[in-house]
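If you want the building blocks of each chain, they are given just below.
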Amino acid sequence: MEFGSLKMYIDGDLKSAIDNNIKDIYSPLNGKKVASLSWGNHKDSIIALDSAEKGFKSWSKLPLSKRKEWMFKLRKKILENEDLLRKAISYEMGKPYAATGEDIESITNSLEYYANIIGDFIKPIDIADNDDTHNHQLISKPIGVVVAYLAWNFPLLNAGFKIGPALASGCSIILKPSELSPISLYIIGDLLKQIDFPKGVINIICGEPLDVAKTLSKSTIPALITMIGSTETAKKVISDSSTSIKKYSMELGGNAPFIVFDDADLETAINIGAAIKFGNCGQICVAANRFFIHEKVYDKFIDGLIIKAKNLKIGFNENLDYDIGPLITEKSRNRVEDLIKQTLKNGGKLEYGGGIPKMKGNWIEPTIIANVNKTMSIFHEEIFGPVASIIKFKSDTEVLEKANDTDYGLASYLFTKNKKRINKFVDDLDFGEIHVNGIKYDIYLPHGGIKQSGIGHDCSELALEDYLIKKRISIAK
């Protein structure tokens, strides 16, 4: 499918790049061209920054009721164009069509959720005066211009995590999609133009990171830089942005432990493990990365996971249901393939998969490797592919030490019926999210990591704290 020529959205209009740069986008499904995009550079980035600065001045002063109206108007327009946006996501990153609904649900839910809760969240807070000489209030104000760098794995879900709280708080925002999956967000720009969204409030620009992102980060205009991406990219962004004091909100890499004890509901653990490992071809920051399975249920868990992997349908067709698409790039596929080979060479046991399907595109089979240990690279790296690495354990102390043996601290998963053990692991697992005997993600639930996995939160009321500043007002009696 072709999506034609798409332009950046800056200052309320669809813009060609100043130097007329064009970038052709090719699908990981088959390597075929699917769109041609206006491709920004340093000059276009400066215009976007100026536009956002002007947009903030008007949007932050707009009555909250009017901001909410615009948010719901955008939500309605997205839903009217749901099929087009879902197809764009499928072709730009290879996601099965059935799985793209999560992106639409996320961005529309975010616009609705933050529009509905912002009023109560920003109500002034009275502070008692111990000497009864002053009246004090704490008030919330929008932080200013926001720059948001988005990961490619959920193009509109990631955008939704940023647009909702930014608009509700009164901030303007510059969205830079990943150069690997920018089509769906460029289409959002076209929808914004169709509804005449206020100028400068949302700006969408993409280009080479060393050009566009560096310009945006180095500018003194942004007050907040938020991103979803790798830890290494975050370090670069923070370094580039040190031209002024800025606030950061970052959801970064993960190395999630998936711990299954012998008293767990094994069927539930297998079902959830397969879903969170093989969904989106394993390209999820919160994907189960290291499966720690108690020795008493080790073989049963592997057998169950193999059955799940065998039943996955690999491929793509708009009109048919498939479970697993390709990896985003050939480079990504080769990296995952090399990681598999390296693990097997160092003593891992291939239980299932590991091959490359004979189809054009960046395909790889869902893979299960047993006998993994902490001397292997796969134990420490974020796999970002459909590869389950299985580690056997005997005791609580052993698995807790191994689970925490990582610089990352995003998501973790625990399956056991022992309440005392649950309390112990909830206290001692060094991760920002701990899912026990199930899994739950939603716009109202905080999402964030610790250690090298991030700063701040996406989703929930906590996200609003990143987009607001507090001012204390003290008036003498």
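Preceding this section is the structure that the text describes.
The structure contained in this document is the topic of the report that follows. (Residues numbered from 1 in each chain as written. Predicted model: local features only at pLDDT ≥ 70, side-chain atom pairs only at ≥ 80, totals over all residues. Heavy atoms only, no water.)

### Some thoughts on the pairing of strand S9 (residues 172-176)
Phase 1: Of all five residues that make up S9, five are buried, and the element is covered over most of its length.
Phase 2: The alternating pattern of S9 places Ser172, Ile174 and Lys176 and Ile173 and Leu175 on opposite faces, both of which are buried.
Phase 3: Sheet analysis places strand S8 (residues 145-149) next to S9, joined by five bridges and oriented parallel. Its bridge partner being in S9, Val147 is matched across the sheet by Ile174.
Phase 4: Each parallel crossover has a hand, and the one from S8 via helix H5 (residues 155-169) to S9 is right-handed.
Phase 5: Judged from the three bridges that link them, S9 and strand S10 (residues 202-204) form a sheet pairing that is parallel. Within the sheet, the bridge partner assigned to Leu175 lies in S10 and is Ile204.
Phase 6: Chirality of the crossover, the property in question, places the unit of S9, helix H6 (residues 183-194) and S10 among those that are right-handed. (Buried < 20%, exposed > 50% of the residue type's maximum accessible area, 1.4 Å probe, protein only. Helix = DSSP H or I, 4+ residues; strand = E, 2+ residues; numbered from the N terminus. Pairing = 2+ DSSP bridges. Right-handed = clockwise from strand over helix to strand, strands pointing away.)

### What about the packing of aromatic side chains?
Phase 1: If you walk through the whole model with that rule in mind, you get 14 aromatic pairs.
Phase 2: With centroids separated by 5.6 Å and ring planes inclined at 90°, the aromatic side chains of Trp152 and Phe384 adopt a geometry described as edge-to-face. Within this pair, whereas Trp152 is found in the loop between S8 and H5, its partner Phe384 is found in the loop between helix H12 (377-380) and strand S17 (387-393), the two being separated by 232 residues in sequence.
Phase 3: Under the relative-accessibility criterion, Trp152 is labelled buried at 14%. (Phe/Tyr/Trp six-rings, centres within 6.5 Å; stacked < 30°, edge-to-face > 60°.)

### Considering the packing of helix H9 (residues 266-278) against helix H10 (residues 298-310)
Phase 1: Remark: H9 packs on H10, axes separated minimally by 9 Å, with the N-to-C direction vectors making an angle of 50°. Put simply, H9 runs oblique to H10. Where H9 crosses over H10, the handedness of that crossing is right-handed. Facing H9, whose interface residues are Leu266, Ala269, Ile270, Asn271, Gly273, Ala274 and Phe278, H10 presents Lys300, Phe301, Gly304, Leu305, Lys308 and Ala309.
Phase 2: Looking at side-chain class alone, the contact of H9 with H10 contains eight nonpolar, three polar and two charged residues. (Axes fitted to C-alpha atoms, helices over the stretch in contact; angles between N-to-C directions. Parallel < 35°, antiparallel > 145°, perpendicular 65-115°, else oblique. Left-handed = near helix turned anticlockwise from the far one by under 90°. Contact = heavy atoms within 4.5 Å. Nonpolar A, V, L, I, M, F, W, Y, C, P; charged D, E, K, R; others polar.)

### Description of the packing of helix H2 (residues 64-80) against H6
Phase 1: Here H2 crosses H6 at 125°, and the two axes come no closer than 10 Å. Between H2 and H6, the interaxial angle falls into the category oblique. Every pair of crossing elements has a handedness; the one defined by H2 and H6 is right-handed. Of the residues in H6, those in contact with Leu74, Lys77 and Ile78 of H2 are Ile188, Leu191, Leu192 and Gln194.
Phase 2: Looking at side-chain class alone, the contact of H2 with H6 contains five nonpolar, one polar and one charged residues.

### As for the sheet that holds S17
Phase 1: Reading across from one edge, S15-S16-S17-S14-S13-S18-S19 is the order of the seven strands in this open sheet, with mixed pairing throughout. Two strands in the sheet have a free side with no partner beyond their single neighbour: strand S15 (349-352) and strand S19 (433-436). Recorded for the sheet is a direction-independent mean angle of 25° between the axes of neighbouring strands.
Phase 2: As paired elements, strand S16 (residues 367-370) and S17 share three bridges and run parallel to each other. Looking across to S17, one finds that Ile369 is bridged to Ser389.
Phase 3: Docked against the sheet, H9 engages strand S13 (256-260), strand S14 (288-294), S16, S17 and strand S18 (411-415), running at close to 165° with respect to S13.
Phase 4: Contacting S13, S14 and S17, helix H13 (residues 396-403) crosses the sheet at an angle of about 170° to S14.

### What to know about the environment of Leu191
Phase 1: For Leu191, the position within the fold is in helix H6.
Phase 2: Accessibility expressed as a relative area gives 1% for Leu191, which makes it buried.
Phase 3: Considering only alpha carbons, one finds Leu191 and Lys77, 114 residues apart in sequence, at a separation of 6.8 Å.
Phase 4: Discounting chain neighbours no more than four positions away, the residues touching Leu191 are Lys77, Ile78, Asn81 and Leu85.

### Some words on the state of the cysteines
Simply put, disulfide is the name for a covalent bond between the sulfur atoms of two cysteines.
Phase 1: This structure, assessed with the given rule, holds zero disulfides.
Phase 2: Between Cys285, a cysteine without a disulfide, and Cys459, which holds the nearest cysteine sulfur, the sulfur-to-sulfur distance is 13 Å.
Phase 3: Owing to a relative accessible area of 3%, Cys459 belongs among the buried residues under this scheme. (Disulfide = S-S within 2.5 Å.)

### Considering the pattern of salt bridges
Note that side chains of opposite charge can pair when their charged atoms are close.
Phase 1: Summed over all chains, the structure comprises 25 salt bridges.
Phase 2: Of the charged contacts, one joins Lys87 and Asp83 as a salt bridge, the two residues approaching to 3.1 Å between their closest N and O atoms. One end of the pair, Lys87, and the other, Asp83, are both in helix H3 (residues 82-93), four residues apart, so they sit about a helical turn from each other.
Phase 3: Its salt-bridge partner being Asp405, residue Lys374 comes within 3.1 Å of it at the nearest N-O pair. One end of the pair, Lys374, is in the loop between S16 and H12; the other, Asp405, is in the loop between H13 and S18, and 31 residues separate them in sequence. (Salt bridge = Lys/Arg side-chain N within 4 Å of Asp/Glu carboxyl O.)

### Quick look at the nonpolar core
Phase 1: With 125 residues, the main nonpolar core has Ile183, Phe197, Ile202, Phe258, Phe301 and Ile390 as its most contacted residues.
Phase 2: The greatest single-element share of this core, amounting to nine residues, is contributed by helix H4 (residues 101-121).
Phase 3: Excluding residues within four positions of it along the chain, Ile183 makes contact with Phe3, Leu6, Ile25, Val34, Ala35, Leu37, Ala88 and Glu92. (Core = buried A, V, L, I, M, F, W, Y, C linked by side-chain atoms within 4.5 Å.)

### Some thoughts on H2
Spacing of three or four residues puts side chains on the same side of an α-helix, whose turn is 3.6 residues.
Phase 1: Under the 1.5 Å per step criterion, the end-to-end length of H2 is 25 Å for 17 residues, consistent within 8% with the ideal 24 Å.
Phase 2: Every buried residue of H2 is accounted for by Arg67, Met71, Leu74, Lys77 and Ile78. Buried residues of H2, seen end-on, are gathered within an arc of 125° and therefore sit on one face of the element.
Phase 3: Taken together, the buried residues of H2 touch helix H1 (42-59), H3, H4, H5, H6 and S10. (Expected span 1.5 Å × (residues − 1). Arc of directions from axis to C-beta.)

### Notes on the environment of Asp126
Phase 1: Note on placement: Asp126 falls in strand S6 (residues 125-127).
Phase 2: Overall, Asp126 belongs to the exposed group, its relative accessible area being 60%.
Phase 3: Note: C-alpha distance between Asp126 and Ile139 (13 residues apart in sequence) is 9.0 Å.
Phase 4: For Asp126, the contacting residues outside a window of four places in its chain are His136 and Gln137.
Phase 5: At a separation of 3.2 Å, a polar atom in the side chain of Asp126 contacts the side chain of Gln137. (Polar contact = N/O pair within 3.5 Å; in protein donor to acceptor, adjacent residues only side chain to side chain.)

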